[in-house]
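Structure at a glance
Spelled out, the chains give:
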Amino acid sequence: MNKKCWGIILLVLILVVSCEQNKSGWQGTIEVVDGVTVVTNPNQGMWDTDEEPKVRLVQEKTIGMLDEGPDEYLFVYISDVTVNSKGDIYIADRQLNEIRKFDKDGNYLLTLGRAGQGPGEFQSVVRISVNDRDELLAFDNMMGRLSIFSDSGNLIQTTKKLVADLWLELKDIFQFENRVVIFGKLGDGLKLFHEFDTDWNYVDSFIDYPIVDNEEYEKISMGFNPGNCVVMNKDNIYYSGHYFDNQIRVFNKNELVKVIKRQSPIKKPYKVEKFSNIEKARAVAKEKKYTFQTFFYGVSFVGNEYQTSNGLFQLTNGHMVNFVILSLEKEKYEFGVELYDSTGRLLSYSKLDAAYYGEIHCKDSDDCFYVVDRKDFNKVIKFSLKY
């Protein structure tokens, strides 16, 4: 074969490779607007095709049984789940007001706390978290205080009421060497994060909750679910609102530094109507087949949720995952996951093959996730993502 033919073949190969790179390359944009880096992604990720989804779900373990199982595996109402650095699993039951500890394989180890008002006792244990010393922090919203247990289950401390004159709806706790950051709603405010010193004295609140549509409704719903966040290196916070507006916001030392966007066919994450008459609200909700009803001090909100974020996490390889629930038609839902690289470029959106419509509570060091499933009976499901 002569040199001219080899040259033509080489040119064709270069053109084919170039076309494939353009076809599979990222089609988004990165720009700086008023000092904030804005990463705008198309609806489709770099890995996405019309073939099978690139990300799939694998169920690893279930903790919980029906009423004929051993007592330590019977739950009444699971309120939260967390894991420590060894993979041990803590499960809080708000009805029993106790916390059970299991090893990473789901074997029962011990029970912490009980119903009561004394140190280490609970009136309503709703949230649990683990600090970098593998101590368990358990929040009682009726008492407004934390109980802290050692890895072996011994009570270290029960705090005073964290904020004496305000109601605190806590979603997560991040404890560092010289400060504690609580994620949730404090009183009637619209700040997402609340800082305490090591003696559990309130210091300050920061980062405004981003209103998507109806401020009056979201000010109420924020107390039930303020969204999801990941805190990295103590100062970096990744945040997605519960009513997901296709944006993940990144804060550094309380300042907005990056916004990760995704173009999506779902532009409005919810629809809501307000009523002063509860019976009228119920009638409208039934007639229009609305999916939620909220009654608060004589005011009723009814409506539909079209897109929510149910868990935001960073994987050990630096990738970010955002679990979402989409309402594509009335009473029909889709459970999916957005996968981003460390810069915010969308790698894939995949519909997952299981209907975990509840909150994804936590992730362990093996990149396994934990969700509460209440179908038939209360249980915790451990699953991983494969791609």
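Structure's up top.
The structure contained in this document is the topic of the report that follows. Computed from a predicted structure; not experimentally measured. (Residues numbered from 1 in each chain as written. Predicted model: local features only at pLDDT ≥ 70, side-chain atom pairs only at ≥ 80, totals over all residues. Heavy atoms only, no water.)

**Let's talk about the layout of surface pockets**
- Computed from the structure, the largest pocket encloses a volume of approximately 1,400 Å³.
- What lines the largest pocket is a set of 47 residues, among which Ser221, Met222, Gly223, Phe224 and Asn225 lie closest to the centre.
- Tallying contributions element by element places helix α2 (residues 215-224) first for the lining of the largest pocket, with eight residues.
- Residue composition of the lining of the largest pocket, by class: 21 nonpolar, 15 polar and eleven charged.
- Of the volumes computed, that of the second largest pocket is approximately 1,100 Å³.
- If you trace the second largest pocket, you find 41 residues lining it, with Val130, Asp172, Phe174, Val231 and Lys363 closest to the centre.
- Listing elements by their share of the lining of the second largest pocket, those giving two or more residues are β4 (78-83), β10 (125-130), β14 (168-175), β18 (228-232), β25 (307-314) and β29 (360-363). (1 Å grid on protein atoms, 1.4 Å probe; cavity = no way out; pocket = protein on both sides within 12 Å on 5 of 7 lines; lining within 4 Å. Points joined across faces, edges and corners; volume = space filled by probe spheres on them. Helix = DSSP H or I, 4+ residues; strand = E, 2+ residues; numbered from the N terminus. Nonpolar A, V, L, I, M, F, W, Y, C, P; charged D, E, K, R; others polar.)

**Regarding the packing of aromatic side chains**
- According to the stated counting rule, one finds 21 aromatic pairs in the structure shown.
- Judged by centre distance (6.3 Å) and plane angle (80°), the rings of Phe183 and Tyr239 are edge-to-face. Taken as a pair, Phe183 in strand β15 (residues 180-186) and Tyr239 in strand β19 (residues 236-240) lie far apart in primary sequence, 56 residues in all.
- Here Tyr217 and Phe301 contribute two aromatic rings whose centre-to-centre distance is 5.3 Å and whose plane-to-plane angle is 55°, an arrangement assigned as tilted. Of the two residues, Tyr217 sits in helix α2 while Phe301 sits in strand β24 (residues 299-305), which places them 84 residues apart along the sequence. (Phe/Tyr/Trp six-rings, centres within 6.5 Å; stacked < 30°, edge-to-face > 60°.)

Bear in mind that shape data such as this cannot, by itself, settle questions of function.
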